[in-house]
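# Fold and contact review
One letter stands for each residue in the lines below.
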Protein chains: 4
Amino acid sequence: MSFNTFGRLFRVTTWGESHGPALGATVDGCPPGIALEVATIQHWLDRRRPGQNRFTTQRREPDEVEILSGVYEGRTTGTPIQLMIRNMDQRSKDYSAIAERFRPGHADITYWQKYGIRDPRGGGRSSARETAARVAAGGVARAVLAALVPALNVSGYMVQMGARAIDRARSDPAAIESNPFWCPDAVTAALWAEDLDRLRKDGNSVGAVIEVVARGVPAGIGAPIYAKLDSELAAAMMTINAVKGVEIGDGFSAAALTGVENADEITMGPDGPEYGSNHAGGVLGGISTGQDVVVRFAVKPTSSILTPRRSITREGEPVDVVTKGRHDPCVGIRAVPVGEAMMACVLLDQILLHRAQMGEGLRGSIGP
Amino acid sequence: MSFNTFGRLFRVTTWGESHGPALGATVDGCPPGIALEVATIQHWLDRRRPGQNRFTTQRREPDEVEILSGVYEGRTTGTPIQLMIRNMDQRSKDYSAIAERFRPGHADITYWQKYGIRDPRGGGRSSARETAARVAAGGVARAVLAALVPALNVSGYMVQMGARAIDRARSDPAAIESNPFWCPDAVTAALWAEDLDRLRKDGNSVGAVIEVVARGVPAGIGAPIYAKLDSELAAAMMTINAVKGVEIGDGFSAAALTGVENADEITMGPDGPEYGSNHAGGVLGGISTGQDVVVRFAVKPTSSILTPRRSITREGEPVDVVTKGRHDPCVGIRAVPVGEAMMACVLLDQILLHRAQMGEGLRGSIGP
Amino acid sequence: MSFNTFGRLFRVTTWGESHGPALGATVDGCPPGIALEVATIQHWLDRRRPGQNRFTTQRREPDEVEILSGVYEGRTTGTPIQLMIRNMDQRSKDYSAIAERFRPGHADITYWQKYGIRDPRGGGRSSARETAARVAAGGVARAVLAALVPALNVSGYMVQMGARAIDRARSDPAAIESNPFWCPDAVTAALWAEDLDRLRKDGNSVGAVIEVVARGVPAGIGAPIYAKLDSELAAAMMTINAVKGVEIGDGFSAAALTGVENADEITMGPDGPEYGSNHAGGVLGGISTGQDVVVRFAVKPTSSILTPRRSITREGEPVDVVTKGRHDPCVGIRAVPVGEAMMACVLLDQILLHRAQMGEGLRGSIGP
Amino acid sequence: MSFNTFGRLFRVTTWGESHGPALGATVDGCPPGIALEVATIQHWLDRRRPGQNRFTTQRREPDEVEILSGVYEGRTTGTPIQLMIRNMDQRSKDYSAIAERFRPGHADITYWQKYGIRDPRGGGRSSARETAARVAAGGVARAVLAALVPALNVSGYMVQMGARAIDRARSDPAAIESNPFWCPDAVTAALWAEDLDRLRKDGNSVGAVIEVVARGVPAGIGAPIYAKLDSELAAAMMTINAVKGVEIGDGFSAAALTGVENADEITMGPDGPEYGSNHAGGVLGGISTGQDVVVRFAVKPTSSILTPRRSITREGEPVDVVTKGRHDPCVGIRAVPVGEAMMACVLLDQILLHRAQMGEGLRGSIGP
């Protein structure tokens with residue numbers, strides 16, 4: 001079934017195809033009275049916008065968002081917010097050659113088999129362009145979080161491209177915005193630039209790992225069992241195009257740890273419990289501890305590449321597929337702002353759910 | 001908010017605490033006319049049952065399921081199926097010592113902070129005992145799948161315990177049922193036995209990685225964007241106790257691949273498309289390809305250990321926590337049947353969703 | 001699809017058949033820390049219990065509820081509450097005669113056509129017995145409301161049986177509990193007793209209209225458009241067996257009014273706005289005004305009657321159906337506590353939803 | 001909470017305010033391959049369009065719909081369909097006088113109290129203008145129904161305006177489209193015209209009752225308990241602005257019937273069961289019988305009237321409210337196409353749900 005909505009109370013429904021007239025997000029459940037302007041959202045869209053450097057697709061999209069509803073005199077009214085982004089740079093001719101064939105590793109074939117129809121222009125609905133709508137919705141979520149939990153801060157960055165990971169010892173948050181890879185390690189960023197130039201020349205592409213951290217998340221957010229904060233985050237990140245793995249805190253590395261090593265020891269600090277480490281990634285039993293919430297996700301290499309790959313046509317005939325057009329050689333780069341947007345949406349949704357069941361604040365205090 | 005339901009059409013709501021009178025699952029949305037007996041479900045529960053060997057908790061629970069509704073004369077009626085498992089071996093005294101303190105790495109502290117009340121007996125709702133209800137529900141899902149998609153088969157096994165992974169070259173499905181670790185590599189299983197004996201003696205525990213494979217999943221199952229099959233699977237697996245990471249197909253390894261390497265090349269076979277490899281883990285664009293659907297998840301080490309760890313009491317006083325009682329030294333072992341159950345539930349749910357939107361079968365054919 | 005859950009945050013899933021081993025309700029999303037005992041819930045079940053006078057079914061069911069989960073030391077924990085009621089007085093032989101035929105006006109035929117299988121014992125899932133589970137869940141909702149909004153009070157009563165309606169001028173709340181019809185007009189109650197004795201002797205049955213009023217509902221509960229408080233109430237009441245109509249405030253009578261007559265004029269009172277009348281039934285634009293929330297619903301006559309009616313068998317053969325057994329001659333009577341339960345559940349759900357989006361209290365104040 | 005979505009699988013989210021730049025509907029879950037053009041949807045919007053005669057608001061809105069996504073080369077793709085209608089005739093000055101005061105009987109006051117902010121221009125989100133988006137979505141639902149169940153037909157009409165009801169003996173479907181009231185009784189339509197002219201001159205308004213009938217609905221659609229077809233229809237109709245009552249089949253009249261009278265007797269016809277009457281309105285136990293599905297709903301009189309009514313300002317000061325502007329004297333008239341749209345959406349949603357659980361067609365056959 002075509003579920004295009006995520007969230008339980010803060011609900012985002014995205015719509016639109018890569019080369020249709022527009023795409024957007026319908027945001028329902030937003031608290032009222034929140035200051036919200038086009039510029040607030042545009043700020044986040046500009047970070048994701050394609051064509052800003054040689055390492056992302058050269059499609060030129062201004063990605064200007066319009067707010068069609070739900071905001072009055074600069075404040076949200078509590079009614080649905082419609083965010084629309086017009087598609088400007090549509091070159092459908094680039095894609096006509098592949099309408100009848102299936103790119104290996106791409107959704108072309110599964111869409112066709114499932115639906116018996118697909119919009120082949122730019123990948124239609126399966127295009128990473130859908131993530132622009134998420135970033136816009138994430139902009140709304142951030143505005144609400146800024147009002148409800150001012151200390152909360154979401155930051156994403158790339159920690160691995162291809163086989164090359166950052167050196168955490170060199171990691172510096174200040175570096176993130178100063179290179180085209182959202183890389184906190186400037187030395188590695190420079191090496192990635194070389195790697196990616198070579199891959200592009202070869203008509204190839206590469207995968208990546210993104211880390212998104214939320215600081216200032218209050219303790220108590222999330223829920224046991226099927227609304228676990230980690231499960232909601234995993235679902236959210238895994239809906240991003242090309243994502244194939246998600247982990248929280250130590251994630252897969254935790255499998256290699258013993259219980260003694262993995263225990264984040266607790267002490268009492270002046271403002272509540274403090275933790276000696278954060279193997280858990282800020283989530284225990286599905287509920288936030290108050291530590292940093294740490295999520296990582298793996299993005300596979302772009303499937304649309306210039307190197308020929310064997311495939312078939314709709315008639316079942318063998319064909320070598322070569323994908324020309326304007327594709328990101330490492331789609332992971334532009335996934336950074338998208339991962340941030342998903343983190344913001346999930347946290348806000350869970351904060352509203354907490355408030356519904358528990359009222360304001362925590363129920364259980366620790367201390368004398 | 002306390003969401004204890006998963007699934008969109010095949011909806012499972014679990015309920016119950018570790019040391020309450022009973023726990024169970026309310027299964028809604030099951031197709032009617034499916035042959036279903038207690039024995040069918042009991043079969044799967046027996047695989048998860050504790051106390052069957054020295055590597056799992058020594059709590060003695062027969063885990064006998066009762067079907068309280070939704071089945072008439074051995075067939076499902078389409079109405080809700082209530083599955084109840086009584087708790088028999090409750091030794092609440094084991095846990096009284098820790099009612100006032102928080103185990104590091106455990107949900108104790110977050111439940112308390114969020115709710116201001118928790119059932120401390122055996123971990124209450126946060127106990128892995130909740131997963132018995134999932135396995136029961138999974139038994140229903142398997143019975144329905146057997147009727148709707150007879151070729152579909154779900155199989156889980158452990159591929160890593162602590163730092164030691166299996167050798168895929170030695171992997172043999174026949175081995176899975178012949179060791180206490182659901183390990184397809186008998187050599188590694190023997191080493192794990194040694195490892196785990198040592199860890200138990202040390203009052204320690206260890207993490208693991210589980211792989212669950214579904215064979216015979218038809219192409220076309222899943223959906224784009226927020227109901228992606230991989231996202232649904234990630235959410236489902238991440239809701240299992242102690243799971244900290246999920247990946248599909250090559251998962252995190254895909255980040256290190258190039259697009260050329262990662263492309264699963266397509267050829268035309270006698271029954272439809274065939275693929276030269278399965279980096280994608282059977283899912284493209286959120287929709288199944290017809291290949292094996294491959295999911296892996298990481299389980300952190302059990303947090304309830306005999307080795308003392310620093311923590312605090314409810315009054316904020318420092319305390320060394322030592323957890324006696326009957327805990328699994330590697331909770332990953334018993335997560336294997338749970339992962340299978342979640343896979344079965346997700347696939348059935350998505351198959352019903354596909355049928356709702358598309359009717360029976362696929363819409364788009366490939367071939368002359 | 002078999003959706004057996006209602007509510008968005010306070011979610012009730014009922015399960016069970018009339019003559020199975022048990023039935024019950026899984027209540028999810030309950031706030032924690034609420035005092036809840038079996039006796040609290042049993043109180044409401046006792047009001048609905050059959051066989052308490054000659055005007056309801058003579059089936060003898062103690063309807064004793066068990067709390068299987070979600071409550072610890074007399075308080076809710078925020079986890080799912082499983083409420084189970086065992087079926088004790090099952091006389092399946094009473095129903096064997098009708099397993100192969102369809103009662104006119106009954107769900108027999110539609111269940112059969114839809115599912116191809118049905119539990120014919122006592123109507124199976126379509127039995128009014130399912131409403132016991134709702135009353136139990138309503139007991140939980142009332143306990144929560146008592147804690148969150150102590151002034152809120154829900155009261156149901158019968159205002160019409162057959163063609164005979166109460167005289168509102170004689171209406172006295174004190175009378176409601178003193179006759180078997182929950183009738184606020186003692187004179188009419190006496191006439192109903194005569195009417196119903198005659199109908200029973202004739203092997204006939206009759207319909208009724210129930211009114212449920214909630215006093216003390218805060219202003220601001222509900223939402224515009226598709227979560228309108230009136231829509232939620234209409235859906236809830238219409239799910240009760242045999243209900244064929246629902247109205248809010250003046251309801252269908254409002255169609256005959258002019259805008260001048262229908263305007264509930266507003267003045268400013270010491271504690272906020274006051275209204276000169278309540279045509280609206282306490283809801284404007286889907287949101288509560290703070291006045292009494294007034295809902296009425298129509299219950300059709302019981303379809304299981306002793307008078308022969310023409311029908312067909314499963315083989316399509318004509319047959320005269322005469323339904324023996326223990327049926328309510330006016331199922332509307334026992335619908336009163338059920339209507340109250342649904343009102344309580346809907347209001348609590350909406351109060352939680354309000355709290356999620358708005359935080360505690362109202363956002364807009366009126367006054368100098 | 002601001003839930004602006006209805007439907008379970010065929011999901012419609014409406015957005016937009018009366019005087020914002022645009023409003024619309026996001027339609028998710030639509031089956032693929034359905035022929036759909038702007039003209040198909042525009043046809044239904046034209047029926048609801050204001051200003052077509054002197055009995056509806058004189059606001060001039062072309063109500064031209066744009067399809068922004070989900071359709072490719074004239075067929076639905078299975079992805080979300082965004083339907084946008086721009087607001088053209090916005091005269092915000094008309095409403096400035098009432099921004100600070102509350103119309104009696106209007107959502108002005110409850111929106112303000114709940115949200116602390118509202119868009120006062122033309123009623124903002126509470127305007128009946130929102131229903132244009134429903135009619136557009138209903139146009140999509142009708143297109144799908146035409147493909148899936150060609151015999152299914154939905155027809156709405158007005159059966160009462162003020163105190164004057166139609167004479168069913170004179171009722172003629174052919175008359176419905178030939179008068180401005182969608183009235184099947186031409187004689188009554190003429191009287192309504194006189195009634196309404198008089199009311200308008202008096203600065204007054206009036207209520208109405210609408211009936212919507214669906215013919216050709218297959219047996220088996222709907223579900224027991226909380227997804228009852230009648231409950232879904234009641235919820236849907238009650239979400240339409242100003243609706244205060246809903247009934248199915250005989251509705252409130254059924255309360256006055258005996259079981260003997262109310263039994264729709266069954267005989268075997270050449271194509272399946274036939275019924276001697278339709279007191280049930282085509283629904284038994286929440287599931288369709290195959291007879292006409294008959295719903296009626298009551299619309300209260302427009303609250304925006306020229307006759308002064310007592311009210312208060314935001315500061316709590318007394319004020320006489322007189323609402324100028326372009327209001328429908330009987331908002332029930334334009335509710336007819338809206339009721340049809342809701343019927344179409346509910347039926348399609350339930351048909352998809354049936355297909356999910358049951359596969360194609362019915363499970364239980366009747367006959368030799």
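Residues numbered from 1 in each chain as written. Chains lettered and ligands numbered in written order. Predicted model: local features only at pLDDT ≥ 70, side-chain atom pairs only at ≥ 80, totals over all residues. Heavy atoms only, no water.

A tally of regular secondary structure across chain A gives seven helices and 18 strands. Sorting the 368 residues of chain A into buried and exposed places 71% on the buried side. Computed over 40 positive and 41 negative side-chain charges, the separation of the two mean positions in chain A equals 7 Å. (Helix = DSSP H or I, 4+ residues; strand = E, 2+ residues; numbered from the N terminus. Buried < 20%, exposed > 50% of the residue type's maximum accessible area, 1.4 Å probe, protein only. Lys, Arg positive; Asp, Glu negative; His and termini not counted. Charge placed at Lys NZ, Arg CZ, Asp CG, Glu CD.)

Further remarks concern the relation of the copies chain C and chain D. It takes a turn of 180 degrees to lay chain C on chain D, together with a shift of 0.0 Å along the axis; the resulting RMSD is 0.0 Å. Such a combination of rotation and displacement between the chain copies is what one expects of a two-fold axis. Ranked by how close their C-alpha atoms come to the rotation axis, the residues of chain C are headed by Ala235(C), at 2.4 Å. Most of the interface of chain C is mirrored in chain D: 100% of its interface residues are interface residues there too. (Least-squares fit on C-alpha atoms with pLDDT ≥ 70 in both. Contact = heavy atoms within 4.5 Å.)

What follows covers the relation of the copies chain D and chain B. Each copy of the sequence occupies a distinct position, and chain D is placed on chain B by a rotation of 180 degrees and an axial shift of 0.0 Å, giving an RMSD of 0.0 Å. When the interface residues of chain D are mapped onto chain B, 100% of them are again interface residues, pointing to one common binding face.

So, about the pattern of salt bridges. Two side chains with opposite charge may pair up if their charged atoms get near one another. If you walk through the whole model with that rule in mind, you get 112 salt bridges over all chains. Between Asp46(D) and Arg49(D) there is a salt bridge, with the nearest N and O atoms lying 3.2 Å from each other. Several salt bridges share partner residues, and in doing so they unite Arg47(A), Arg142(A), Glu177(A) and Glu340(A) into one network. (Salt bridge = Lys/Arg side-chain N within 4 Å of Asp/Glu carboxyl O.)

Attention now goes to the interface of chain C and chain D. If you look at the interface, chain C gives 115 residues, while chain D gives 115 residues. Of the roughly 9200 Å² buried where chain C meets chain D, counting both sides, 63% is carbon and sulfur surface. Put simply, chain C and chain D have four salt bridges between them. Between Glu265(C) and Arg309(D) there is a salt bridge, and its shortest N-O distance comes to 3.6 Å. Counting across the interface, chain C meets chain D through 55 residue pairs in polar contact (both at pLDDT 80 or more). Along the lines of polarity and charge, the residues of the side of chain C that touches chain D split into 59 nonpolar, 38 polar and 18 charged. Where strand 11 (residues 243–248) of chain C meets strand 11 (residues 243–248) of chain D, three bridges bridge the pair, whose relative direction is antiparallel. Within the sheet, the bridge partner assigned to Val246(C) lies in strand 11 of chain D and is Val246(D). (Buried area = accessible area lost by both parts, 1.4 Å probe. Polar contact = N/O pair within 3.5 Å; in protein donor to acceptor, adjacent residues only side chain to side chain. Nonpolar A, V, L, I, M, F, W, Y, C, P; charged D, E, K, R; others polar. Pairing = 2+ DSSP bridges.)

The next thing to look at is the interface of chain D and chain B. Note on interface size: it is often stated as the accessible area lost on association of the parts. Contact with chain D, which involves 15 residues of that partner, is made by 15 residues of chain B. At the surface where chain D touches chain B, the tally comes to zero salt bridges. The residue makeup of the side of chain D that touches chain B, split by class, is eight nonpolar, four polar and three charged.

A word on the packing of aromatic side chains. Counted by the stated rule, this structure contains 18 aromatic pairs over all chains. Between Phe55(C) and Phe181(C), the aromatic rings sit 4.9 Å apart at their centres with planes inclined by 40 degrees, giving tilted as the arrangement. In this pair, Phe55(C) is assigned in the loop between helix 1 (38–48) and strand 4 (65–67) and Phe181(C) in the loop between strand 9 (164–165) and helix 4 (186–201), connecting sequence segments 126 residues apart. A single burial state applies to Phe55(C) and to Phe181(C), both of which are buried. When the centroid spacing of 5.8 Å and the interplanar angle of 80 degrees are considered together, the rings of Phe181(D) and Trp192(D) count as edge-to-face. Of this pair, Phe181(D) sits in the loop between strand 9 (164–165) and helix 5 (186–201) while Trp192(D) sits in helix 5, and the two are eleven residues apart along the sequence. In this structure, Phe181(D) and Trp192(D) share a single accessibility class: buried. Within the aromatic cluster, the residues linked to one another by ring pairs are Phe55(A), Phe181(A) and Trp192(A). Directly above the aromatic system of Tyr115(A) lies the positively charged group of Lys114(A), at a separation of 6.0 Å from the ring centroid. (Phe/Tyr/Trp six-rings, centres within 6.5 Å; stacked < 30°, edge-to-face > 60°. Lys NZ or Arg CZ within 6 Å of the ring centre and 35° of its normal.)

The next thing to look at is the environment of Asp271(D). All names here are of chain D. Within the secondary structure, aspartate 271 sits in the loop between strand 12 (266–269) and strand 13 (272–275). For aspartate 271, a relative accessible area of 79% puts it in the exposed group. In the structure, aspartate 271 is positioned 95 residues away from isoleucine 366 in sequence and 9.8 Å away in space, judged by C-alpha atoms.

Residue and element names in this part refer to chain A. Contact pair helix 1 (residues 38–48) / helix 3 (residues 130–148): the axes reach a minimum separation of 8 Å and the direction vectors enclose 140 degrees. The orientation of helix 1 relative to helix 3 falls into the category oblique. Between helix 1 and helix 3 lies a crossing whose hand is right-handed. Residues Thr40, Ile41, Trp44, Leu45, Arg47 and Arg48 of helix 1 form the contact with helix 3, whose participating residues are Thr131, Ala132, Val135, Ala136, Gly139, Val140, Arg142 and Ala143. (Axes fitted to C-alpha atoms, helices over the stretch in contact; angles between N-to-C directions. Parallel < 35°, antiparallel > 145°, perpendicular 65-115°, else oblique. Left-handed = near helix turned anticlockwise from the far one by under 90°.)

All names here are of chain B. The buried count for strand 7 (residues 81–86) comes to five of six residues, which makes it a mostly enclosed element. Where strand 3 (residues 22–28) lies against strand 7, six bridges are found, and the strand directions are antiparallel. Across the sheet, alanine 25 pairs through a bridge with leucine 83, a residue of strand 7. Here strand 4 (residues 65–67) runs beside strand 7; their pairing, made up of three bridges, is antiparallel. Directly across from isoleucine 67, in strand 7, lies its bridge partner leucine 83.

How two helices pack is summed up by the angle between their axes together with the distance between the axes. Residue and element names in this part refer to chain D. Taken N-terminus to C-terminus, the directions of helix 4 (residues 130–148) and helix 8 (residues 332–358) make an angle of 45 degrees; their axes are 8 Å apart at the nearest point. Between helix 4 and helix 8, the angle falls in the class oblique. The chirality of how helix 4 crosses helix 8 is left-handed. Residues Thr131, Arg134, Val135, Ala137, Gly138, Ala141, Arg142, Val144, Leu145 and Leu148 of helix 4 touch helix 8, and the partners they reach there are Pro337, Val338, Glu340, Ala341, Met342, Ala344, Cys345, Leu348, Ile351, Leu352 and Arg355. Grouping the amino acids of the contact of helix 4 with helix 8 by side-chain chemistry returns 15 nonpolar, two polar and four charged.

On the secondary structure map, Arg296(C) appears in strand 16 (residues 293–299). Within the structure, Arg296(C) has its side chain in polar contact with the side chain of Glu211(C) (distance 2.9 Å). Polar contacts involving the side chain of Arg296(C) include one to the main-chain carbonyl oxygen of Gly249(C), which spans 2.4 Å. Setting aside residues up to four positions removed in sequence, Arg296(C) forms contacts with Val159(C), Arg168(C), Val209(C), Ile210(C), Glu211(C), Gly245(C), Val246(C), Glu247(C), Gly249(C), Asp250(C), Gly251(C) and Phe252(D).

With that settled, the discussion passes to the sheet that holds strand 4 of chain B. Residues and elements named next belong to chain B. Read across the open sheet, the five strands follow the order 1-2-3-7-4; overall the sheet is antiparallel. In the strand order of this sheet, the two ends are held by strand 1 (5–6) and strand 4, each with one partner. Against the sheet, helix 4 (residues 130–148) contacts strand 2 (11–16), strand 3, strand 4 and strand 7, and its axis sits at roughly 35 degrees relative to strand 3.

Fair warning: the whole summary comes from geometry, so function is off the table for now.
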